[in-house]
Amino acid sequence: MTLGGFIVLLIIAAICGSIGQAIAGYSLGGCLVSIVVGFIGALIGEWLSVKFALPAIFVIHIQGEAFPVIWAIIGAVIFTIIIGVIRKGLRNT
């Protein structure tokens, strides 16, 4: 993968992470955190789609690498909610 393809992949992950955080209603941080949330969301979402035999809805292919956009957003929502609940529980103790 070239540098340009990697940068495009990072931008798509950041957008998916940001959308996931917005849907969850909880922000974990800035741009770099959105990129990480997007990639973790893609892993969680892809795992869920395989586990429940669900189809890939919207996949972007960048230089041979597939990025499941819808599953990344769904996974980012799930990840953000889990982290938000954990952080809220830690603050209350």
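Residues numbered from 1 in each chain as written. Predicted model: local features only at pLDDT ≥ 70, side-chain atom pairs only at ≥ 80, totals over all residues. Heavy atoms only, no water.

Draft legend 1. Region of the structure containing the environment of A66. Note that A66 resides in strand β2 (residues 65-68). Classification of A66 as partly exposed rests on a relative accessible area of 46%. Spatially, the C-alpha atoms of A66 and L9 are 9.5 Å apart, while their sequence positions differ by 57 residues. Apart from the residues within four sequence positions on either side, A66 is in contact with V59, I60 and H61. (Helix = DSSP H or I, 4+ residues; strand = E, 2+ residues; numbered from the N terminus. Buried < 20%, exposed > 50% of the residue type's maximum accessible area, 1.4 Å probe, protein only. Contact = heavy atoms within 4.5 Å.)

Draft legend 2. The arrangement of the packing of helix α1 (residues 3-24) against helix α2 (residues 31-51) in detail. Remark: α1 packs on α2, axes separated minimally by 6 Å, with the N-to-C direction vectors making an angle of 90°. By the criterion of interaxial angle, the relationship of α1 to α2 is roughly perpendicular. When α1 is examined against α2, the residues L9, L10, A13, A14, G17, S18 and Q21 are found in contact with a partner set consisting of V33, S34, I35, V37, G38 and F39. Its residues assigned to classes, the contact of α1 with α2 shows eight nonpolar, five polar and no charged. (Axes fitted to C-alpha atoms, helices over the stretch in contact; angles between N-to-C directions. Parallel < 35°, antiparallel > 145°, perpendicular 65-115°, else oblique. Nonpolar A, V, L, I, M, F, W, Y, C, P; charged D, E, K, R; others polar.)

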